[in-house]
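# Structural overview for review
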Amino acid sequence: MHEPHGHGSVLKRRTGWVGAPERRKDRVGPPDRGDQVGQPGRKDQVGRRTGWKRLGTPLGILAAVTGAFAYVGTVDPNEPGHYPVCPLLQLTGVFCPGCGGLRSAHAFITGDLGAAFSANAIATAGYFLFAAVWVLWLVRAWRGKPLRMALAPAWWWGVGAVLLVFTVVRNLPFGSALAP
């Protein structure tokens, strides 16, 4: 698939528009300072970031997630009054797929994986999935490649079905082991 302004784009063919990364052949004069390729922190001529800056987004996401987990690790959700109650649980008495997620995160960050799984098994599996995807993202960013993960609609329907089954089972008497 072509980018909107890449080689062979419809916009370029129809209008002759030349974007900033590309230079017109009939232009005379020295190159702009932004045209220098290979210098750390600058964009090369195809718009990709070079140097350590391409690791900024994955490391920023890791910092935000670490901060959130550090807060949940220090402020125990098992003590009443620190966090709001789940609105679905408060209104209907039904556990949603996220109920027990804070208790799961607290147990996970303190190293008690058994308590983390018993509080919310889906959330705990999600922590491991996030870690795997984050490592993949960091490695690809280090190599200068984007992280592209396109899931087919069948996968999204499958995730929704798993969450629905998890929610129904944890609210039934025989699935009380999945309830927080």
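Residues numbered from 1 in each chain as written. Predicted model: local features only at pLDDT ≥ 70, side-chain atom pairs only at ≥ 80, totals over all residues. Heavy atoms only, no water.

## So, the confidence of the model for the protein chain
Averaged over all residues, the pLDDT of the protein chain equals 76, while 71% of them reach at least 70. A low-confidence stretch, residues 33-40 stays under pLDDT 50, and its non-local contacts, those more than four residues away or across chains, total 11 contacts. (pLDDT = per-residue confidence, 0-100. Contact = heavy atoms within 4.5 Å.)

## A short note on the packing of aromatic side chains
Under the defined criterion, the tally for this structure stands at five aromatic pairs. Considering the side-chain rings of F69 and F108, the 6.3 Å spacing of their centres and the 65 degrees angle between planes classify their relative orientation as edge-to-face. Note that F69 is positioned in helix α2 (residues 56-74) and F108 in helix α4 (residues 101-109), a separation of 39 residues in sequence. Judged by relative accessible area, F69 falls into the buried class, the value being 18%. (Phe/Tyr/Trp six-rings, centres within 6.5 Å; stacked < 30°, edge-to-face > 60°. Helix = DSSP H or I, 4+ residues; strand = E, 2+ residues; numbered from the N terminus. Buried < 20%, exposed > 50% of the residue type's maximum accessible area, 1.4 Å probe, protein only.)

## Some words on the environment of I122
Turning to its location among the elements, I122 is positioned in helix α6 (residues 121-142). Residue I122 is classed as partly exposed on the basis of its relative accessible area of 29%. When the C-alpha atoms of I122 and F166 are compared, they prove to be 8.0 Å apart, with 44 residues separating the residues in sequence. Apart from residues no more than four positions distant in its own chain, I122 is found in contact with V162, L163 and F166.

## Looking at α6
Taking 1.5 Å of rise per residue, the 22 residues of α6 would be expected to cover 32 Å, and the 32 Å separating its terminal C-alpha atoms lies within 8% of that figure. Along α6, the positions that sit buried rather than exposed are A123, T124, Y127, W134 and A141. One side of α6 holds all its buried residues, which, seen down the axis, span an arc of 110 degrees. At the N-terminal boundary of α6, the capping side chain belongs to N120, with an oxygen 3.2 Å from the backbone nitrogen of I122. Positive backbone phi, approximately 80 degrees, marks G144, located one or two places after α6. (Expected span 1.5 Å × (residues − 1). Arc of directions from axis to C-beta. Polar contact = N/O pair within 3.5 Å; in protein donor to acceptor, adjacent residues only side chain to side chain.)

## Remarks on the side chain of S104
Topologically, S104 is positioned in helix α4. Under the relative-accessibility criterion, S104 is labelled buried at 0%.

## With respect to the side chain of R170
Here R170 shows up in helix α7 (residues 153-170). One buried charge, R170, has no salt-bridge partner; the nearest side chain with opposite charge is D76, at 16 Å. Among the polar contacts listed, one links the side chain of R170 to the backbone oxygen of A119, at a separation of 3.4 Å. Setting aside residues no more than four positions away along its own chain, R170 makes contact with F95, C96, P97, G98, C99, A119, N120, G175, L178, A179 and P180. (Lys, Arg positive; Asp, Glu negative; His and termini not counted. Salt bridge = Lys/Arg side-chain N within 4 Å of Asp/Glu carboxyl O.)

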